[in-house]
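Listed below, chain by chain, are the residues.
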Amino acid sequence: MIHNESMSKGGNSGDETILVGDCIARLQEVADKSVDLIFADPPYNLQLKGDLFRPDDSRVDGVDNDWDKFSDFATYDQFTRGWLTECRRVLKDDGAIWLIGSYHNVFRLGVALQDLGFWILNDVIWRKSNPMPNFRGRRFTNAHETLIWASKSETAKYCFNYDMLKASNDDIQMRSDWLFPLCGGEERLKLNGKKAHPTQKPEALLARVLQATTKQGDMVLDPFFGTGTTGAVAKRLGRKFIGIERDETYAAVARRRIEAVVPFEERLTKSPNKRDEPRIPFGWVVERGLLSPGTVLFDAQRRVTAEIQADGTLQATTLWGEHRGSIHKVGAAVQQAPACNGWLYWHFDRDGRAAQIDLLRQHLRAELT
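None of these values were measured; they are calculated from a predicted model.

## Here we look at the overall build of the protein chain
Next up, step 1: Counting secondary structure elements, the protein chain contains eleven helices and 16 strands.
Next up, step 2: For a compact globule of 369 residues, the expected C-alpha radius of gyration is about 21 Å, and the protein chain comes in at 26 Å, more than 25% above that figure.
Next up, step 3: Taking the principal axes of the C-alpha coordinates as reference, the protein chain spans close to 80 × 50 × 40 Å.
Next up, step 4: Across the 369 residues of the protein chain, 45% fall into the buried class.
Next up, step 5: Accessible surface for the protein chain amounts to roughly 19600 Å². Of this, 49% is attributable to carbon and sulfur atoms.
Next up, step 6: With 50 positive and 50 negative side-chain charges, the protein chain shows a spacing of 2 Å between the two charge centroids.

Below, the structure is given as structure tokens:
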């Protein structure tokens, strides 16, 4: 059920909340440090000087709404810093924020973020597979928008589901250029035969953002809710949300849209992250008898060897010296490398075949969980 009341600073009014009104005023009603992630799609401040027409003289249905009009850059900057200041207050210390914008406003957003103490992690390019042409032929076709991903501080332990992203990308690291089409077809919401909102974002874009940087049950805030794309995706993925929207017409469309969303089963929306798994020291492997002192470990090519000591350290000899220490330290030393993940480098003999010692770590983790 969608709650339409305000949130008091003392607590949460529900898993699904839509607040109607000025974003800064309604943000002031949200509790301090109660939000895990913010996704903000603020006005672009396009500074349009008149209508835009296609070569056939038909008018382009662009963004000419009053909410996108500001008297000058100073007024826009003041507005931006106002709502970002409130966002910083409601964001948890280990929370993060996403902003999306065009060339008209994204650089001003980035300056405001840094001035307020946020720490920029990435800029991500949303490359549109079907961009609107440049009808006047005086500039390049504007085929992308920019997203800025930032943590609340340089030391924040923000959520990043790296392993899920890599697995979903055919085991290749996810890049910072994303290809999605503009919102269209059945997904594009209509009112009286026209677009319900001129800048509705595709759900696929929000799905990647939320799956990449939130966990099940996290609270997501969107201070420019529009027709509720963030809320719809959040509900489907098992996240909670707060949406703030100044226009009741947009808010009504969002309510109807989100009420119709059927959440995925909980088991389908978990995003395992190796960084969240319990830490297993190699000494536990020896203590549990999974490998005995004196066992010889080797690299994948069986060219380098090291002997397990009774205290769980390794001993290795190379042309450049004797090396003793952790699986990681000795792994780095025998390769003359600055660092090494010993769990993946060292192997043991298992029924005549080489197996990574990481298998033993996974065995112990399975017991813990």
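Text resumes after the structure shown.
## Quick word on the sheet that holds strand β6 (residues 177-180)
Next up, step 1: On the basis of which strands lie adjacent, the open sheet formed by eight strands has the order β1-β10-β9-β2-β3-β5-β4-β6 and mixed pairing. Each of the sheet's edge strands pairs with one partner strand only, and the pair in question is β1 (16-20) and β6. Strand-to-strand, the axes of this sheet are offset by a mean angle of 20 degrees, without reference to chain direction.
Next up, step 2: Contacts from helix α2 (residues 73-90) reach β2 (35-40), β3 (91-101) and β9 (219-222) within the one sheet, and its direction differs from that of β3 by about 145 degrees.
Next up, step 3: Helix α6 (residues 229-236) rests against β1, β2, β9 and β10 (240-245) of the sheet, and its axis sits at about 170 degrees to β10.

## Quick look at the pattern of salt bridges
Next up, step 1: Using the criterion set out here, one finds 19 salt bridges in the structure.
Next up, step 2: Its salt-bridge partner being Lys152, residue Asp93 comes within 3.5 Å of it at the nearest N-O pair. Taken together, the residues Asp93 in strand β3 and Lys152 in the loop between β5 (144-151) and α4 (162-168) connect sequence positions 59 residues apart.
Next up, step 3: With its nearest N and O atoms 2.9 Å apart, the salt bridge here joins Lys128 to Glu145. One end of the pair, Lys128, is in strand β4 (residues 119-128); the other, Glu145, is in strand β5, and 17 residues separate them in sequence.
Next up, step 4: For Lys128, a relative accessible area of 13% translates into the label buried.
Next up, step 5: Residue Glu145 is classed as buried on the basis of its relative accessible area, which comes to 7%.
Next up, step 6: Where salt bridges share partners, they join Asp32, Glu86 and Arg89 into one cluster.

## Notes on the packing of aromatic side chains
Next up, step 1: Counted according to the given criterion, the structure contains twelve aromatic pairs.
Next up, step 2: With centroids separated by 5.6 Å and ring planes inclined at 10 degrees, the aromatic side chains of Trp98 and Trp149 adopt a geometry described as stacked. Within this pair, whereas Trp98 is found in strand β3, its partner Trp149 is found in strand β5, the two being separated by 51 residues in sequence. Trp149 shares its class with Trp98; the two are buried.
Next up, step 3: Measuring from ring centre to ring centre gives 5.9 Å for Trp98 and Trp178, while their planes differ by 40 degrees; the resulting arrangement is tilted. Taken together, the residues Trp98 in strand β3 and Trp178 in strand β6 connect sequence positions 80 residues apart.
Next up, step 4: What makes Trp98 buried here is its relative accessible area of 2%.
Next up, step 5: An aromatic cluster of at least three residues, connected via ring pairs, comprises Trp98, Trp149, Tyr158, Phe160, Tyr162 and Trp178.
Next up, step 6: In this structure, Arg208 is placed above the aromatic ring of Trp178, and the distance from its NZ or CZ to the ring centre is 5.1 Å.

Criteria and thresholds
Residues numbered from 1 in each chain as written. Predicted model: local features only at pLDDT ≥ 70, side-chain atom pairs only at ≥ 80, totals over all residues. Heavy atoms only, no water. Helix = DSSP H or I, 4+ residues; strand = E, 2+ residues; numbered from the N terminus. Rg over C-alpha atoms; globule rule 2.2 N^0.38 Å. Buried < 20%, exposed > 50% of the residue type's maximum accessible area, 1.4 Å probe, protein only. Areas by Shrake-Rupley, 256 points an atom, 1.4 Å probe, with all protein chains shown as cover. Lys, Arg positive; Asp, Glu negative; His and termini not counted. Charge placed at Lys NZ, Arg CZ, Asp CG, Glu CD. Pairing = 2+ DSSP bridges. Axes fitted to C-alpha atoms, helices over the stretch in contact; angles between N-to-C directions. Contact = heavy atoms within 4.5 Å. Salt bridge = Lys/Arg side-chain N within 4 Å of Asp/Glu carboxyl O. Phe/Tyr/Trp six-rings, centres within 6.5 Å; stacked < 30°, edge-to-face > 60°. Lys NZ or Arg CZ within 6 Å of the ring centre and 35° of its normal.

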